[in-house]
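# Fold and geometry: a report
Residues per chain are reported as follows:
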Amino acid sequence: MEDFRKTMGLRRRVLVVDDEMVNREILGNILENDYEVSFAENGRQAYEMLLECRLHVSLVLLDLLMPEMDGFELLQLMNSNDDLNNIPVIVMTSEESAEVRSIKLGASDFITKPYDMPEVILARCERIIELYENKSIIRSAEKDDLTGLYTREFFFEYIRKIENFFEDHASDAIVLNIEHFHMINEMYGREVGDAVLRRTGLTMMDLFESQECIGCRTEADTFFFYVNHRDDYTGAFDGLHEELAQISKMPNIRFRIGIYQNVDKHASPEVCFDHAKIACDRIRGDYTRRVAYYSKELSDRELYHERLINDINAGIENKDFVVYFQPKYAIQGVEPRLTSAEALIRWNHPELGMISPGDFIPLFESNGLIQKVDNYVWSEAARQIKAWKEEYDYEIPVSVNVSRIDIYDPELESNLLSILEENGLTPDDLLLEITESAYSENGNSLIEVVESLREKGFKIEMDDFGSGYSSLNMITTIPIDVLKMDMKFIRNMLKDEKSLKLVGLVMDIAKFLNVPVVAEGVEDEKQLITLKDIGCDVIQGYYFSRPVPPAEFAEFLLTEKEKKKKSEEEELRKNRERIEKE
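Residues numbered from 1 in each chain as written. Predicted model: local features only at pLDDT ≥ 70, side-chain atom pairs only at ≥ 80, totals over all residues. Heavy atoms only, no water.

The subject of this paragraph is the overall build of the chain. Across its full length, the chain holds 23 helices and 19 strands. In summary, the chain has a C-alpha radius of gyration of 39 Å against a globular reference of 25 Å for 582 residues, an excess of more than 25%. Taking all 582 residues of the chain together, the buried fraction comes to 45%. Contacts in the chain between residues far apart in sequence, at least 24 positions, make up 67% of those at least 6 positions apart. (Helix = DSSP H or I, 4+ residues; strand = E, 2+ residues; numbered from the N terminus. Rg over C-alpha atoms; globule rule 2.2 N^0.38 Å. Buried < 20%, exposed > 50% of the residue type's maximum accessible area, 1.4 Å probe, protein only. Contact = heavy atoms within 4.5 Å.)

Counting residues in each nonpolar core, the largest one holds 50 residues, and the members touching the most others are Phe 364, Trp 388, Val 398, Val 400 and Phe 553. Sort the elements by how many residues they give to this core and helix 14 (residues 370-392) lands first, with ten residues. Those residues in contact with Phe 364 that sit more than four places away from it in its chain are Leu 308, Ile 309, Ile 312, Phe 321, Trp 347, Leu 369, Ile 370 and Val 373. With 27 residues, the next largest nonpolar core counts Leu 146, Phe 208, Val 227 and Ala 236 among its residues. (Core = buried A, V, L, I, M, F, W, Y, C linked by side-chain atoms within 4.5 Å.)

The next point concerns the sheet that holds strand 9 (residues 255-260). Taken together, the five strands give an open sheet; going across it, the order is 7-8-6-9-10, and neighbouring strands pair in mixed fashion. Bordering the open sheet on either side are strand 7 (213-219) and strand 10 (291-293), each of which pairs with just one other strand. On average, adjacent strands in this sheet sit at an angle of 20° to one another, irrespective of strand direction. Across the sheet, helix 7 (residues 152-165) is in contact with strand 6 (171-178), strand 7 and strand 8 (222-228); its angle to strand 7 comes to roughly 150°. (Pairing = 2+ DSSP bridges. Axes fitted to C-alpha atoms, helices over the stretch in contact; angles between N-to-C directions.)

Further remarks concern the sheet that holds strand 5 (residues 109-112). Pairing within the open sheet is parallel, and its five strands lie in the order 2-1-3-4-5. Looking at strand neighbours, the two that pair on one side only are strand 2 (36-40) and strand 5, the edges of this open sheet. In this sheet, neighbouring strand axes are inclined to one another by 20° on average, regardless of whether the strands run parallel or antiparallel. Direction of pairing for strand 1 (residues 13-17) relative to strand 3 (residues 59-63): parallel, over a ladder of four bridges. Counted as the bridge partner of Leu 15 is Val 60 from strand 3. The strands touched by helix 3 (residues 43-53) within the sheet are strand 1, strand 2 and strand 3, with strand 2 carrying the most contacts at an inclination of about 135°. Running over the sheet, helix 4 (residues 71-80) touches strand 3 and strand 4 (89-93) and is turned about 150° from strand 3.

The interhelical angle for the contact between helix 12 (residues 296-317) and helix 14, taken along N-to-C directions, is 10°, at an axis separation of 11 Å. Taken together, the axis directions place helix 12 and helix 14 in an arrangement best described as roughly parallel. In this structure, helix 12 uses Ile 312, Asn 313 and Ile 316 to contact helix 14, whose residues at the interface are Lys 372, Val 373 and Tyr 376. For the contact of helix 12 with helix 14, the per-class residue count stands at four nonpolar, one polar and one charged. (Parallel < 35°, antiparallel > 145°, perpendicular 65-115°, else oblique. Nonpolar A, V, L, I, M, F, W, Y, C, P; charged D, E, K, R; others polar.)

Evaluation of the coordinates by the stated rule reveals 25 aromatic pairs. Where Phe 155 meets Phe 273, the ring centres are 5.3 Å apart and the plane angle is 70°; that geometry is what we call edge-to-face. Of this pair, Phe 155 sits in helix 7 while Phe 273 is found in helix 11 (residues 269-282), placing the two residues 118 residues apart along the sequence. Phe 273 carries the same exposure label as Phe 155, and that label is buried. Taken together, the ring pairs connect Phe 155, Phe 156, Phe 224, Tyr 226 and Phe 273 into an aromatic cluster. (Phe/Tyr/Trp six-rings, centres within 6.5 Å; stacked < 30°, edge-to-face > 60°.)

This next bit is on the pattern of salt bridges. Opposite charge on two side chains allows them to pair when their charged atoms are near. All told, the structure shown has 32 salt bridges when counted by the stated rule. Among the ionic pairs, Arg 24 bridges to Glu 41, the shortest N-O distance being 3.8 Å. Note that Arg 24 is positioned in helix 2 (residues 21-31) and Glu 41 in the loop between strand 2 and helix 3, a separation of 17 residues in sequence. Of the charged contacts, one joins Arg 254 and Glu 179 as a salt bridge, the two residues approaching to 3.1 Å between their closest N and O atoms. With a gap of 75 residues between them, Arg 254 in the loop between helix 10 (238-248) and strand 9 and Glu 179 in the loop between strand 6 and helix 8 (181-188) connect regions that are remote in the sequence. Glu 179 carries the same exposure label as Arg 254, and that label is buried. (Salt bridge = Lys/Arg side-chain N within 4 Å of Asp/Glu carboxyl O.)

Turning our eyes to something else, we now look at the side chain of Asp 172. Summarising the element assignment, Asp 172 is placed in strand 6. Buried charge Asp 172 goes without a salt bridge, the closest partner of opposite sign being Arg 230 at 6.4 Å. Other than its neighbours up to four places away in sequence, Asp 172 contacts Phe 225, Tyr 226, Val 227, Asn 228, His 229, Arg 230, Tyr 233, Ile 259, Tyr 260, Gln 261, Asn 262 and Val 263. (Lys, Arg positive; Asp, Glu negative; His and termini not counted.)

Bringing the environment of Ile 30 into the picture now. Note that Ile 30 resides in helix 2. Judged by its relative accessible area of 11%, Ile 30 is buried. On a C-alpha basis, the gap between Ile 30 and Ser 80 in space is 31 Å, while along the polypeptide they are 50 residues apart. In this structure, Ile 30 is in contact with Tyr 115, Pro 118, Ile 121 and Leu 122, ignoring residues within four places of it in sequence.

So, on to the side chain of Glu 179. With a relative accessible area of 8%, Glu 179 lands in the buried category. Within the local environment of Glu 179, its side chain forms a polar contact with the side chain of Arg 256, the two groups lying 2.6 Å apart. Residues in contact with Glu 179, not counting those within four places in the same chain, are Arg 254, Arg 256, Ile 283, Arg 284, Gly 285 and Tyr 287. (Polar contact = N/O pair within 3.5 Å; in protein donor to acceptor, adjacent residues only side chain to side chain.)

With that settled, consider the pairing of strand 1. Counting buried positions along strand 1 yields four of five residues, so the element is predominantly enclosed. Summarising the sheet, strand 1 and strand 2 pair through five bridges and their orientation is parallel. Bridge pairing in strand 2 links Arg 13 to Glu 36. Taking the sense of rotation as the criterion, the β-α-β connection linking strand 1, helix 2 and strand 2 turns out right-handed. (Right-handed = clockwise from strand over helix to strand, strands pointing away.)

And the structure:
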């Protein structure tokens, strides 16, 4: 700023207030080479000049003893005026007794009469101006203009200052977020949105008025509060919802709060509020809770998830992801017959070991990374189908998952066809599994995509049928080739009559649609027999095999080839015997 001012030739203005002309001339001569100098003969004239050009005065040099209005009165007026109380004042006096009173009225410094040391006067003027300009810049950056709360940087710095004096005092970090705040601005205008933000800050500060509390608005719709520790926050924020609903005109306005209780004083304020934000983000979209608490377990879980997210690309590149295959058997013949398989992903992390799909698949589904995993599975499954064909001369179709994220990828169809072409396969080799819930979320769009895929020759399996709520409403319009029954039905069908009747209902629906049913999660012979009796076509589960690596799955192919060979030989023998008899 100083270099810019000098380069541009900008000169600060100093107002000299003194009733004696000789003093005004002396000070004018001292200051005129460095400053623009204005003069006033008494406090009243000076006050009128300040009101007229208050934004352009950088310093007032003020005599105390003057007619009409003395220096003390002018100091009082300036101190009570919000537009003038930031202008620094140097009092000119030879009376030491006046210094205390002047300081109490807001004076910044003193110059002693007579003015026999010009360099000292210039140095003091320069120092006071720079101090107040810096203070003004700091003050403008310290507070959020809209809410009056601290800005993020000052908030954290004040916490550090507080902890220097109250290190043993228990404190809580609170993060508050107003969900879908942009909708308020879009629906009701920025004026209403600003009112909601102001009221949020005021209400939260009032809530903790009886305790020590400082707050800041760190983002457009996110607030941080550092408060004295309390054990129980039950009901503490109930009134906030009513106030915001009234101001925003949105009765269902939702805020969520994350709390890190009894923060670790050895951790930085930034880390403490990161912890509270983890808790706050944890309940995003959860309309059953407004408040969540940080815990070490929650933090460890978040760090673990972050590690998985960071390692996904390396996992794909290094083939740490491994595709396992689980066989599916047709059961309506004399004996079960291998008919297809399902590709299931596993992650053999080089440092974390074998990671459960239950850990990374929901995580990647929530952030869109599942598309990378799906593409990897499609490619690996196609490559394996090709390898089995070449090595064992055995063709077996494989089911692969297509997530709801994949569905909205305009390149989905071309990607699948490209993978098939690279491996010399046809659409009959890859069966596409889509969960029932995907249909219920955006049925019309999904149906268009699925119909296009079926036109290209792909067969569509609806996975987890019965786990959603919209199946019966949409069942006549959903384009599918196979129903995969949700395994929860299978687990319970021999335990209670209702579950068994539901399995029968699914079979009736499949017959109505003229599509086969695959039952997942079959674990014992009783379940197999029951499913066979009620007309189920294909079963999948631990009864036949857990998901296994490709090398182990090859044993099923060899066994099936041997069975097929024996069957053909038996059929040939019977034909010969028949011919001989004839």
